[in-house]
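Descriptive structure summary
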Amino acid sequence: MKKIEAIIKPFKLEEVKDALAEIGVEGMTVTEVKGFGRQKGHTEIYRGSEYTVDFLPKIKIEVVVTDSIVDSAVSAVVKAAKTGKIGDGKVFVSPVSEAIRIRTAESGDKAV
Amino acid sequence: MALLAATAGALGWMVLGASSAQAQDKPPEAPPPAAAAPAPAAEAPKDATPAAAPAAAAPADAAAAAAPAATPPQQPDSTATGANGGTGIDIQWPSYPAKTDPKTGFTTGEPTIDDAGKTTAGANSEIVKAIAHNKISINVVWTLVTGFLVMFMQAGFALVETGLCRAKNAAHVMSTNFMIYGLGMIGFWVCGFAFMFGNYANGPVNIGWQPTLGQGLMLLNKGYSITVGGHTLGLLGMKGFFLSPEVFDTAIFTLFLFEMVFMDTTATIPTGAMAERWNFKHFIVYGFWVGMFPYAIYGSWVWGGGWLAQSGMNWGLGHGAVDFAGSGVVHMCGGVIALAGSICLGPRLGKFGKDGKPRPMPGHDIPMVMLGTFILAFGWFGFNPGSTLAGADNRIAIIAVNTMLAGAAASIGTMLTMYLVTGKPDPSMLCNGLLAGLVAITAPCAFVNSAGAVLLGFIAGIIVVFSVFFVERVLKVDDPVGAISVHGACGCWGVLSVGLFANGSYGGGWGGVHKLFKDGQWMRLVNDGSKAVFDQYNTMIGTDPKTGGWTDVGVTGIFGSMFGSTAPSGDGSQFGAQFLDVCALFIFVFIFSYIFFKLSNLVVPMRSKREDEIMGIDIPEMGAEAYPDFQLTDRTSPKID
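Residues numbered from 1 in each chain as written. Chains lettered and ligands numbered in written order. Predicted model: local features only at pLDDT ≥ 70, side-chain atom pairs only at ≥ 80, totals over all residues.

Structural notes on the overall build of chain B
The test is simple: To qualify as a helix, a DSSP run of H or I must reach at least 4 residues; to qualify as a strand, a run of E must reach at least 2; elements of each kind are numbered from the N terminus. Note on burial: count the other C-beta atoms lying within 10 Å of the residue's C-beta; 20 or more is buried, 12 or fewer is exposed, in between is partly exposed, and C-beta positions come from the backbone. Note that contacts rest on C-beta atoms placed from the backbone: two residues are in contact if these are within 7 Å.
A tally of regular secondary structure across chain B gives 19 helices and five strands. Burial statistics for chain B: of 641 residues in total, 57% are counted as buried. Restricting to contacts in chain B with at least 6 residues of sequence separation, those with at least 24 account for 78%.

Written out as structure tokens, the structure reads:
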């Protein structure tokens, strides 16, 4: 099993969710985060004084999938979340040692 | 002192119950002839009523048998409950018909009883008493309802200030705005009202003035004055502490409510400038102090008949300090207290970098700020028009429209200024702009025409932007909400505006100084309460072609003739009075407040603890978060050096 973490632009959430559903990924966890990459933030003015806005709002999607569909899941996310402009985000893949469904106590690939 | 006695005498036509033998300190002189008929007649009911009751008892039995519907029921003594007050003195205009303003068509004087100026109905007759009672009732209802509107402004201030602060401090900022209502009110009840209005009845007034809310206001007749160079200077009122039984009167209670909500407006202004780092326990001490002393002492000099109001009579400065609804008394006073408090408190942690440059600390809820601003704008319809203390004074229409226009013009002025100077119209500044216009129109609202209101409002919108920059960048004083600029700077502009744009269409005889104009000639007549002055005035405004035909021009500013004045202005003495007013205000209120903050800080520390301020003062000082269901990010706080 692998965990796919994707940091994406907030308005892309629906598109990415639909793309994952199409390849059979049935569950995910979403959190609201803020962050920045290599591109710095921008300057704003509040009541006449300048300040820099570094952190921009993003959405983090976490899904745990079986090894067989990792690659197609990653491509689906990248394709759906891309706009071509800076700030599109990143995808990270990491191994997962165990997964358990709380309701039924199933584990392993059956729990994902 | 003779002057004071004479003034008191002229105003001393008391019609209170015989039981209230606490007559004013100076006995009335022989009243002027024209009013001689109603004045003693007005005395009659209070004597007649207790006497009539037993006398009526006997004939009533016989009358009941003979003619059951012959006499209408006796009005209860108007002074016992205050519920049915009003006699001929409240509607009688001495000796000449009330004047109809040719421009507005409204009668701004009192109606006569007949055209020849003679009373045809007795001043104590039932019809006159009913008319007088109704007129007083209109005024009382108006004053109370507008007072309720101003009370609602407390909610507006709370929303504006909390929205402009960070979420982690929202409960604390809200709580200071909440508790100031009660703390300030109790302070005002204890002694603030007594200091400010205790000597209200002895203030300088126009010839023929009667208290709009009822003769009970004449009970406010005790104060402390000094005599300098032959002139009496009122310094403080001295009656009405704890609204004592000697001032238990419907007129006075109406006045108390109205003036109390004005005091609370002043009191709540510094809570914005001192937000996010003010130790709540010290704020409690402040809350009592502000209701008891600074506003009341300075206010007594302008609205309580004190030396600033008397500066027209005493020193020839126009009509004395003129501040219709309180650009100075309420707003500049609050702004100056805020300045002193913010200086003593110091800036928020992280506000100024090591290089001294101010760093923005954006507010957490802009919609809350704008909602609060609209609530304040709505409440201002009580603030300004209510200050006539008379619904029967139709000038309230002009006051309300002027108020509206100035606020709107100011918001546009601020919007354009922000576009030009910063490139974007910061929403919080737009709100400050609207309020700046409302603050600025507060003093001149009754005296300017609409062009004057729009102009001075627009200028206020520009002033507030540069004032915010100045306070933050030059003075290096941290003001999270712009209170010092909106209320202090624009309040000052409002007071001075009276001396610039007032067009003479209202306020004749204000401050006891009548300015009469005819054929290019000015004549100044001071109301010393004497019969000679009274008669001279009535002759001059009469219709005789040789001795009469003078116009009683109202409060006029330097540019009044450009704004619709029928008489040319150019008399800068009113501006002189306004300038004296703002100087006296700033010097006294700043020093008095600064000393209070410094001394009280030795007893109860003003500043919140450093670690509390960093975490947010809601939990450590108030014991509760404003938004427990939300995860607060505090993403905007700058680094603390």
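Brief notes about the sheet that holds strand E1 (residues 2-8) of chain A
Residues and elements named next belong to chain A. The condition that has to hold: Here the rule is simple: two strands pair whenever DSSP picks up at least two bridges between them. In this description, a line fitted to the C-alpha atoms serves as the axis of each element, helices being fitted only across the stretch in contact, and the angle between N-to-C directions of two axes falls anywhere from 0 to 180 degrees.
With antiparallel pairing, the four strands of this open sheet are ordered in space as E2-E5-E1-E6. Either end of the sheet is taken by a strand with one partner, and the two such strands are strand E2 (29-35) and strand E6 (89-95). Strand-to-strand twist across the sheet, computed as the mean angle between neighbouring axes with direction ignored, equals 20°. Examined bridge by bridge, E1 and strand E5 (residues 56-65) share seven bridges and lie antiparallel to one another.

Overview of the pairing of E1(A)
Of the strand pairs in this sheet, E1(A) and E6(A) are connected by seven bridges, and their pairing is antiparallel. Among the inter-strand pairings, A:Ile4 is bridged to a residue of E6(A), identified as A:Val93.

Thoughts on the interface of chain A and chain B
We apply this condition: Classes in brief: Ala, Val, Leu, Ile, Met, Phe, Trp, Tyr, Cys and Pro nonpolar; Asp, Glu, Lys and Arg charged; the others, Gly included, polar.
On the chain B side, the residues contacting the eight residues of chain A number 13 residues. Put simply, the parts of the chain that give the side of chain A that touches chain B at least two residues each are strand E3 (42-46) and strand E4 (49-53) of chain A. Tallied by class, residues from the side of chain A that touches chain B come to four nonpolar, two polar and two charged.

A short note on the packing of helix H4 (residues 126-163) of chain B against helix H5 (residues 170-197) of chain B
Residue and element names in this part refer to chain B. Note the threshold: With respect to orientation, any angle under 35 degrees is reported as roughly parallel, any angle over 145 as roughly antiparallel, any angle of 65 to 115 as roughly perpendicular, and every other angle as oblique. Note: crossing handedness is left-handed where the near helix turns anticlockwise from the far helix by less than a right angle, and right-handed where it turns clockwise.
For the pair H4 and H5, the least separation of the axes is 9 Å and the interaxial angle reads 160°. Of the possible angle classes, the one that applies to H4 and H5 is roughly antiparallel. Crossing of H4 against H5: the hand is right-handed. Where H4 approaches H5, its residues Gln154, Phe157, Ala158, Glu161 and Thr162 are matched on the opposing element by Ala170, Val173, Met174, Asn177, Phe178 and Tyr181. Class assignment of the residues belonging to the contact of H4 with H5 gives a composition of seven nonpolar, three polar and one charged.

Functional significance is not addressed by these values, which are geometric in nature.
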